[in-house]
Each structure stands twice: as C-alpha cells, then as structure tokens.
Amino acid sequence: MTKTTIAAGILAAVLFAGAASAQQAVYTWTGAGENVRGASKCPGYKMTINVTVQGTAVKGEFQQEGREQRHFETTLGQGGAFKTVAKLGQGNSIDVVGTVKDGGESKIMLDGYCKFEGKLTRK
C-alpha cells in the first residue's frame with residue numbers, strides 16, 4: 001500500500017464516523033396537562049417538550065407556559081425506551097418516560113404535579 005492510499009482510507013473513515021455521529025433526530029410535543037391525585041388546574045397548563053436523540057444519547061427540554069425551561073438527559077434502552085427523573089427546583093422532580101421509534105410511534109410522558117403525555121412528532 002502506498003502512503004496516499006493509507007491516508008485516503010483514514011480520511012474516509014474519519015469522515016464516515018463524523019457523519020454517522022452527527023445524525024440526530026429531534027421530536028416535539030405541545031399539549032395540556034391532565035390532573036393527577038390532588039391536582040385540579042392541570043388542564044389549564046400548556047407544556048412544550050423537545051427531545052433530541054443522537055446515537056443512544058437522549059436530551060430533552062420542557063417548558064410549561066409562563067415557567068422556566070427545564071431539561072433532562074438519559075440514554076436509550078432496548079426498543080428505543082428511555083426513563084429518568086428531571087429536577088424542577090425547590091427539591092421537586094418529575095418522572096420522564098418515553099419511547100422513540102424511527103418510523104414508528106414515539107411517545108413522551110412527564111408525570112409529577114400534573115401528567116403531560118402525548119405523541120412526539122419528528123421535526
């Protein structure tokens with residue numbers, strides 16, 4: 001092999017790896033909350049959730065209208081499932097559960113002071 005062939009092979013591998021790792025999918029959902037035990041105002045709360053998946057890394061941002069934006073990070077499990085707990089402040093948290101399926105139905109649920117649940121739409 002010549003040095004040129006080796007260099008070309010290395011460059012092609014680096015470019016391919018860079019392109020593969022740059023692939024990401026972004027999903028979104030906006031909707032109203034559902035009441036949970038002890039809550040009565042949840043249907044009046046509007047939430048927007050954005051989820052970005054890159055490889056097995058999952059990063060999400062969510063914001064209830066009129067409140068500050070929060071985030072979560074986790075990894076994809078088997079079948080595209082993910083689960084974590086997001087911090088809300090003042091020692092409070094909300095459970096995050098979802099499924100991301102390329103070409104299938106992707107879903108998200110935030111469950112805590114209210115339940116925010118729906119189908120994720122790919123951007």
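Cut-offs applied
- Residues numbered from 1 in each chain as written.
- Predicted model: local features only at pLDDT ≥ 70, side-chain atom pairs only at ≥ 80, totals over all residues.
- Heavy atoms only, no water.
- Salt bridge = Lys/Arg side-chain N within 4 Å of Asp/Glu carboxyl O.
- Helix = DSSP H or I, 4+ residues; strand = E, 2+ residues; numbered from the N terminus.
- Buried < 20%, exposed > 50% of the residue type's maximum accessible area, 1.4 Å probe, protein only.
- Phe/Tyr/Trp six-rings, centres within 6.5 Å; stacked < 30°, edge-to-face > 60°.
- Lys NZ or Arg CZ within 6 Å of the ring centre and 35° of its normal.
- Pairing = 2+ DSSP bridges.

## Some thoughts on the pattern of salt bridges
So, point 1. Going through the model one piece at a time under the given rule, you end up with two salt bridges.
So, point 2. The residue Asp102 makes a salt bridge to Arg122 at a minimum N-O spacing of 2.7 Å. Pair noted here: Asp102 is in the loop between strand S6 (92-99) and strand S7 (106-111) and Arg122 is in strand S8 (residues 115-122), with a separation of 20 residues, a long-range link.
So, point 3. Classification of Arg122 by relative accessible area gives partly exposed; the value is 44%.

## Topic: the packing of aromatic side chains
So, point 1. For the structure on display, the rule yields three aromatic pairs.
So, point 2. Each ring, one from Phe72 and one from Phe82, has its centre 6.3 Å from the other, and the planes form 15 degrees; the classification is stacked. Residue Phe72 is found in strand S4 (residues 70-75), and its partner Phe82 is found in strand S5 (residues 81-89); the two are separated by 10 residues along the sequence.
So, point 3. Exposure remark for Phe72: the relative accessible area of 3% places this residue in the buried category.
So, point 4. Look at Phe82 and you get buried, because its relative accessible area is 3%.
So, point 5. When the ring of Tyr113 is compared with that of Phe116, the centres are 6.0 Å apart and the planes differ by 65 degrees; the resulting orientation is edge-to-face.
So, point 6. When its relative accessible area of 0% is taken as the criterion, Phe116 is described as buried.
So, point 7. By the ring-pair criterion, three or more aromatic residues cluster together here, those being Phe62, Phe72 and Phe82.
So, point 8. Sitting over the face of the ring of Tyr45, Arg67 holds its NZ or CZ atom 5.9 Å from the ring centroid.

## Digging into the pairing of S7
So, point 1. In this structure, S6 lies alongside S7, joined through five bridges in antiparallel fashion. If you follow Val96 over to S7, its bridge partner there is Leu110.
So, point 2. The antiparallel hairpin formed by S6 and S7 contains six residues in its connecting segment, where Gly103 sits at a positive phi of about 85 degrees.
So, point 3. Taken together, the six bridges between S7 and S8 define a ladder with antiparallel strand orientation. When the sheet's bridge partners are listed, Leu110 is paired in S8 with Phe116.
So, point 4. Count of turn residues in the S7/S8 antiparallel hairpin: three residues.

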